[in-house]
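Topology and contacts: notes
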Amino acid sequence: MAKGNSFKSGSTGTGGARRAQSTTSSYTPKKTTHTFRKIDFTEGQQKVMKVLGLFLLITSGLFAVAFISYLFTWKADQSYIYITNGGWNTLFSSSEEVLDEALEIPVIENKLGKFGALLANQFIFEWFGVASFLFILILFVVGYRLLYLRALLPVGKTILYSLIAIIFTSLTLGFLQDFITDTPHILEGKFGYWTNQILTLQIGTAGVAGILIFVLLAALILIYNYDLKISFQSARSHKEEEYDEGEETDHDLDNERLDRPTATNSFIEDRSISGERIVQQPRAHAVEKDSLKQHQQENPTWEPELSTPKEKNTLRSEEQSGTISFDVVDTHTPEPTITAANEAEAIALSVEPDLSVEIEETEEEELALTVEAVKEEKAVEASDLVKQFGEYDPKLDLSGYQHPPLDLLKDYGTGKITINQQELEANKNKIVDTLRNYSIEIEHIKATIGPTVTLYEIIPKPGVRISRIKNLEDDIALSLAALGIRIIAPMPGKGTIGIEVPNSNPEMVSMRSVIATEKFQKTDMDLPIALGKTISNEVYIADLAKMPHLLVAGATGQGKSVGINAILTSLLYKKHPAELKFVLVDPKKVELSLFKKIERHFLAKLPGEDDAIITDTKKVINTLNSLCIEMDQRYDLLKNGHVRNLKEYNAKFVGRRLNPEEGHRFLPFIVLIVDEFADLMMTAGKEVETPIARLAQLARAVGIHLVIATQRPSVNIITGTIKANFPARLAFRVLSKVDSRTILDSGGADQLIGRGDMLLATGSELIRIQCAFVDTPEVDQVSDFIGGQRGYPSAHYLPEYVDENGEGSGLADFDLSDRDALFEDAARLIVMHQQGSTSLIQRKLKLGYNRAGRIIDQLEAAGIVGQFEGSKAREVLYPDEYSLEQYLETLR
């Protein structure tokens, strides 16, 4: 039995030809033109576009006249421009006004007059040189498009390619200018000339040439897909490849000719079992085939046809044109007689016995079971989330937040160093004379002037011992009659000895002059703090994240509180509220009270506390222990996120590679600032020292940093445990060398002059800095500006802490693990309705009175609702659901 046989009514050659003709179709792509005519412009819009197009066309012609004329009259035109100091100021001046100003104006030879000379000089000489002619092309193409509403050239590509060509041509001609020195600068313009001069100073002539060649080749590749492939094959192998390609082309044409059905052949092709080899009957036996065809018409028999996918489409088209298809039982097929008259015919007929085998295998293939491929769902990856939603933006909650402007800060003094030559010369002579009195000769002396101190660097003659100069510190101070003489012997990294002498007229360093610098505005530090200016009058900016903790000490009235305000102000000017939180501890209660206005933006506190600025010693202990809990929780998040520090963790979270449903969240930096540490150590002692030491040892990697300030730098306040974990120490003026060694492990702080003069110790290096001054009204204005903006519903909540005595901030009365399953739902219900009653929980959650009463007691113990007030409803202590969710997150 054979399947797929077809009975064709009227299967003659003419019918086949007619059928083939009916199933042939062709498609010619419609040519599209870019035009504005299909856009339905209003009549007014069309008028405006035509007028604008006409204006641009005429302007391009005027530009061409001015530019071409300038190429021949540029000397006279430039003489006019230079004499009139730019020329544009006399554009609309009359001849009488020019004479009144006593200006001898030369004759203008440009064909477009004064305006043409100024215009051409501006474009060609001042800007891009002869490449400016491409501006004419841009104006003409745009004007033509608007006037005739059709594109002479693609407008977008014309503008883009023209601008690229203008810049490249100007740079290339400027590069060639170095080799052709007598060429006027009108070829490349000032842009090309000075750009090449700058690039040549940075990367040299060869580097500029390499950049130009790269830009040229890159443009050819991007625009024309230029092929830079170099063939190393010989001509013979190239010819062989062409010959092979020719053979393959001929073979493909033969296959196509065999596959194409014709109207004059009833039997065209036979396919082998593999389906690849094709045998065609020779045309010489057409007569015998015609006789066989006539015999088949007289005695009809059915020959099976093997349908290939290509033929199935033909059968389908034939069915549509009237062909009837059905199954036929093949009972008898006469075998054709093979004669030896023609060898080619025998070869052709010998393939026919293989046809039955092919049909059998085809039947088996058609009856085979087809298994549908299993569709697997694609897992959602982080890159897919980023493409769909973009990166996580922690600033989105306060997207309208604005950093404080510089106008809120005052600029004290001129900000420039005034050099008093007489003072410098007098100090130099006194230093040299003092050293000569002790038989110490000097080869060279150099002065570096700072805001408050001048550094004199001396190089003694060979054979002079450094210790002799260092021992003369008091004698030099006596001869100079100055306070705060400090000798640095030797200078770190230099072969000199430094003598620091205070200036007679010190210059104040304002906070505005430091923050306004490009060094601070463009810094990429995580926590930049602008401390002030060094002896060399350079702005000094340190990264608190790399310090990672700072110990500040100094006597009373030497600028310690101003330094704390400078640190806070610089961080407020640089960071967003989502990136930074402060924990402020102020035992004196008045130093940091100005920052209370920024509570909803930058401050963090314990849940249930009223004031974010901590002044009570007991609350300080709870806050420090809470920070330790926060540190441990952050380390757990870093461990689960497979990262090592806060920066890597936040980068991974922003890239949506951490799941918030698993507890991950964006972690801001937390800076703990203690204004008077000595008072805490006296009242609490070990209870404060232990969490401070833990935080100093471990909290660096999770973004918690400490700034500890004290005015009593004694060993019982700044203990060895604390000093070991504070590598960065900032010392203002102290009263004794013992205190200086306690802070810095070396002397020098006792020789400072006060009023913000300080030493910063970072490892083994001591840097003398004049602290930036920020006054109380300035801090108040900055706080008002930030506090006046929209902030978070409340301050950032730290984890809850309960001490050993059960005293905490609200959770001592019940166990967190023993709370009701509907505790959080009840809390959300209470806050949403702002009504803390047991009956509300009963009605909404459909609970009994006893269970609802237990839940309300747990809510009271947790600090969510207030105490029982008789018949009145309990007070709800959380104003909205956002602050409640933050609090509940700390309880989980």
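I will try to describe carefully the structure that is included in this document. (Residues numbered from 1 in each chain as written. Predicted model: local features only at pLDDT ≥ 70, side-chain atom pairs only at ≥ 80, totals over all residues. Heavy atoms only, no water.)

Spatially, β10-β9-β18-β17-β16-β11-β15-β14-β12 is the arrangement adopted by the nine strands of the open sheet, whose pairing is mixed. Lying at the two open borders of the sheet, with one neighbouring strand each, are β10 (539–543) and β12 (580–585). The average undirected angle you get between the axes of adjacent strands in this sheet is 30°. Looking at chain direction, β12 and strand β14 (residues 669–674) are connected through six bridges and run parallel. Looking at the pairing, Lys581 lines up with Ile670 of β14. The sheet strands contacting helix α21 (residues 617–641) are β12, β14 and β15 (704–710), and the helix crosses β14 at an angle near 155°. Taken strand by strand, helix α26 (residues 737–744) contacts β11 (550–553), β16 (728–731), β17 (757–762) and β18 (765–771), and its axis lies near 155° from that of β16. (Pairing = 2+ DSSP bridges. Helix = DSSP H or I, 4+ residues; strand = E, 2+ residues; numbered from the N terminus. Axes fitted to C-alpha atoms, helices over the stretch in contact; angles between N-to-C directions. Contact = heavy atoms within 4.5 Å.)

Time to look at the pattern of salt bridges. Taken as a whole and assessed by the stated rule, the structure comprises 32 salt bridges. With a shortest N-O distance of 3.8 Å, Glu579 and Lys575 are connected by a salt bridge. Both residues of the pair, Glu579 and Lys575, belong to the buried class. Between Glu860 and Arg874 there is a salt bridge, with the nearest N and O atoms lying 2.8 Å from each other. You can see Glu860 sitting in helix α30 (residues 849–861) and its partner Arg874 sitting in the loop between α30 and α31 (881–891), a full 14 residues away along the chain. Residues participating in the shared-partner salt-bridge network are Arg819, Glu824, Asp825, Arg828 and Glu885. (Salt bridge = Lys/Arg side-chain N within 4 Å of Asp/Glu carboxyl O. Buried < 20%, exposed > 50% of the residue type's maximum accessible area, 1.4 Å probe, protein only.)

This next bit is on the packing of helix α29 (residues 838–845) against α30. Contact geometry for α29 and α30: axes closest at 9 Å, N-to-C directions at 125°. Compared by their axis directions, α29 and α30 come out oblique. As for how α29 packs across α30, the hand of that crossing is right-handed. Here Thr838, Ile841 and Gln842 of α29 lie close against α30, whose contacting residues are Tyr849, Ala852, Gly853, Ile855, Ile856 and Leu859. Of the residues that constitute the contact of α29 with α30, the class distribution is six nonpolar, three polar and no charged. (Parallel < 35°, antiparallel > 145°, perpendicular 65-115°, else oblique. Left-handed = near helix turned anticlockwise from the far one by under 90°. Nonpolar A, V, L, I, M, F, W, Y, C, P; charged D, E, K, R; others polar.)

Glancing now at the packing of aromatic side chains. Within the structure shown, the criterion is met by 17 aromatic pairs. A ring pair is formed by Phe123 and Trp127, whose centres lie 5.0 Å apart and whose planes are at 70°; its orientation type is edge-to-face. You can see Phe123 and its partner Trp127 sitting in helix α4 (residues 113–128), four residues apart, about one turn around the helix. Assessed through its relative accessible area of 13%, Phe123 is described here as buried. Classification of Trp127 as partly exposed rests on a relative accessible area of 36%. Following the ring pairs from residue to residue traces out a cluster consisting of Phe63, Phe67, Phe123, Trp127, Phe128, Phe133, Phe135 and Phe191. Its guanidinium or amino end placed over the ring of Phe520, Lys574 lies 5.7 Å from that ring's centre, counting from NZ or CZ. (Phe/Tyr/Trp six-rings, centres within 6.5 Å; stacked < 30°, edge-to-face > 60°. Lys NZ or Arg CZ within 6 Å of the ring centre and 35° of its normal.)

Right, let's talk about the sheet that holds strand β5 (residues 442–449) for a bit. The four strands lie next to each other as β5-β6-β8-β7, forming an open sheet whose pairing is antiparallel. The sheet is open, and its two edges are formed by β5 and β7 (486–488), each paired on a single side. Averaged over all neighbouring strand pairs, the angle between strand axes comes to 20°, with direction disregarded. Summarising the sheet, strand β6 (residues 453–460) and strand β8 (residues 497–502) pair through six bridges and their orientation is antiparallel. Along β8, the bridge assignment pairs Thr454 with Val501. On the sheet, helix α14 (residues 421–437) packs against β5, β6 and β8 and is oriented at approximately 40° with respect to β6.

Turning our attention to the nonpolar core. Leu550, Phe582, Leu672 and Phe677 are the most contacted members of the largest nonpolar core, which has 112 residues in total. When residues in this core are grouped by element, the largest group, eight residues, is from α21. For Leu672, the contacting residues outside a window of four places in its chain are Val583, Val585, Leu624, Leu627, Ile692, Leu695, His705, Leu706 and Val707. Core analysis: the second largest hydrophobic core is formed by 23 residues, Ile830, Val831, Leu847 and Leu884 among them. (Core = buried A, V, L, I, M, F, W, Y, C linked by side-chain atoms within 4.5 Å.)

Further remarks concern the environment of Tyr144. Residue placement: Tyr144 occurs in helix α5 (residues 134–148). With 91 residues separating them along the chain, Tyr144 and Gly53 place their C-alpha atoms 6.1 Å apart.

Looking at the secondary structure, you find Leu71 in helix α2 (residues 43–83). Look at Leu71 and you get partly exposed, because its relative accessible area is 32%. In this structure the C-alpha to C-alpha distance between Leu71 and Ile186, which are 115 residues apart in sequence, comes to 8.1 Å. Non-local contacts of Leu71, meaning those with residues more than four positions away in its chain, are made with Val130, Phe133 and Ile186.

As a further point, take the side chain of Ser170. In this structure, Ser170 sits in helix α6 (residues 155–177). Take Ser170: its relative accessible area is 0%, and that puts it in the buried class. In this structure the side chain of Ser170 is engaged in a polar contact, spanning 2.7 Å, whose partner is the backbone oxygen of Glu188. Within the local environment of Ser170, its side chain forms a polar contact with the backbone nitrogen of Gly192, the two atoms lying 3.1 Å apart. (Polar contact = N/O pair within 3.5 Å; in protein donor to acceptor, adjacent residues only side chain to side chain.)

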